[in-house]
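Close look at the chain arrangement
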Amino acid sequence: LKGRGVWRYKDLIPGYYKSIISINEGNTPLIKSANINKQLYFKFEGLNPTGSFKDRGMTVAVSSAVSLNYKTVIAASTGNTAASAAAYAARAGIKSFIVLPKGKVALGKLAQSVLYGAIILEVDGSFDVAMEAVMRLYRDLKIVYPLNSFNPWRLEGQKTIAFEIMEDIGVPENVIVPVGNAGNIYAIWKGFNELLKIGIIDKVPRMIGVQAEGASPIANAIIKGKNEPDFIENPDTVATAIRIGRPVNWQKAMKAIKESKGTAIVVSDSEILEAQKTLARKEGIGAEPASAAALAGYFKAINYGIIDKDEKTVLILTGHSLKDPESMAKADTKRILVNPLHIEKIIVGEIN
Ligand SMILES: Cc1ncc(COP(=O)(O)O)c(/C=C/C(=O)C(=O)O)c1O
């Protein structure tokens, strides 16, 4: 193993790459909880180059596209896949198209996609409508390389999250992942499973998926003991990153949850926003709502007795808070218009 980040694990990433398109993704910190629970850790994926875990998959998938001489890439997205695809395509000098659900993409992510110069196609409807359009295009137009997480190279990059956790603290009892299109929970499980197969570890963690109440097809199926989810026509949640009703990787996610003896948890929008505030005001960590869903799920799992507070648990904080400024504004805090000459009196008043 040499270097740091995703390509440190080059020997465990299949495929031949004529050139590697990398922006130094990966090698994110595993931050120990300071004030919530000493057995709790945060894998802060918001510190990747474009601010989400997507960069891990993009470096592999775009390197693969370039190695196969593609000049154009495409992705449907709730925002983070778009930002990441746009950045890596720009670095590779190839064109990127992103298909977004109009009006449902967090401001930070949309701004990134504009800045990185993707061609933005907006559809009236949910992410799933955008995803279906990309799947149809992929069947008809082979000159465009699809970057969504049905593309296996995305998952090969994202599985390195497991490798880094193992190198930092070994194998935790639980890994909690917010689930949308459902690639990431499978990718992380795949990483641990590969380490198990080559004999580096002797157990895998329980994979616990968290979904938002208005967008929880996989969690509903797991909780009801069904083998197949009922897809949701009009998913809705404040956590727009995981506002997905027809996850393309649902089979993979259910396999990871079942084979790891994990489970799935549903959390409400208010629990998500509360968790986002708790993460910031107890741990000093700013994550976007979908990522904070992992903490909301952790609290629920403790209350339900699914997780014991003495079990080592890692939350995958998938995206940075700057992605979604509107959600941060909902947290609210004291804002006092002051006469600069009276500032001392205000502060003394606030302290006492
Ligand atoms: C912050 C954040 N947290 C969790 C997820 C869920 O991961 P998957 O279950 O692997 O989809 C996403 C996914 C976003 C997109 O699917 C997209 O950007 O198109 C995310 O951005």
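In what follows, the structure referred to is the one given above.
These remarks concern the structure in this document. (Residues numbered from 1 in each chain as written. Predicted model: local features only at pLDDT ≥ 70, side-chain atom pairs only at ≥ 80, totals over all residues. Heavy atoms only, no water.)

Things to note about the sheet that holds strand β6 (residues 144-146)
One open sheet accounts for four strands, arranged β5-β4-β3-β6; its pairing is parallel. Among the strands making up the open sheet, the edge pair consists of β5 (119-123) and β6. Across the sheet, the mean angle separating the axes of adjacent strands is 25° when strand polarity is ignored. One ladder, built from three bridges, connects strand β3 (residues 72-76) with β6; its direction is parallel. Its bridge partner being in β6, V73 is matched across the sheet by Y145. The sheet strands contacting helix α2 (residues 80-92) are β3 and β4 (95-101), and the helix crosses β4 at an angle near 170°. (Pairing = 2+ DSSP bridges. Helix = DSSP H or I, 4+ residues; strand = E, 2+ residues; numbered from the N terminus. Axes fitted to C-alpha atoms, helices over the stretch in contact; angles between N-to-C directions. Contact = heavy atoms within 4.5 Å.)

Structural notes on the site of the ligand
In the vicinity of the ligand lie 22 residues, with N80, T81, G180, A182 and T318 positioned nearest. The separation between an oxygen atom of the ligand and a polar main-chain atom of G183 is 3.2 Å. Contacts to the ligand include N184, whose backbone N or O atom sits 2.8 Å from an oxygen atom. Within the complex, the protein chains bury 99% of what would otherwise be the 470 Å² of accessible surface of the ligand. Looking at side-chain class alone, the shell around the ligand contains nine nonpolar, eleven polar and two charged residues. (Near = heavy atom within 4 Å. Polar contact = N/O pair within 3.5 Å; in protein donor to acceptor, adjacent residues only side chain to side chain. Areas by Shrake-Rupley, 256 points an atom, 1.4 Å probe, with all protein chains shown as cover. Nonpolar A, V, L, I, M, F, W, Y, C, P; charged D, E, K, R; others polar.)

Overview of the packing of α2 against helix α3 (residues 107-116)
It is the contact of α2 with α3, at a shortest axis distance of 8 Å, that shows an interaxial angle of 20°. Taken together, the axes of α2 and α3 lie roughly parallel to each other. Crossing angle aside, the handedness with which α2 passes α3 is left-handed. Seen from α2, the contacting residues are N80, A82, A83, A86, A87 and A90; seen from α3, they are K109, Q112, S113 and Y116. (Parallel < 35°, antiparallel > 145°, perpendicular 65-115°, else oblique. Left-handed = near helix turned anticlockwise from the far one by under 90°.)

Structural notes on helix α4 (residues 127-140)
Taking 1.5 Å of rise per residue, the 14 residues of α4 would be expected to cover 20 Å, and the 20 Å separating its terminal C-alpha atoms lies within 8% of that figure. By the burial criterion, the buried members of α4 are F127, D128, A130, M131 and V134. Summarising the axial view, the buried residues of α4 lie within an arc of 155°, below the 170-degree limit, and thus occupy one face. Residues of α4 that are exposed and angled more than 90 degrees away from the buried face: R139 and D140. Turning to α4, the residues buried within the fold contact β3, β4 and β5. (Expected span 1.5 Å × (residues − 1). Buried < 20%, exposed > 50% of the residue type's maximum accessible area, 1.4 Å probe, protein only. Arc of directions from axis to C-beta.)

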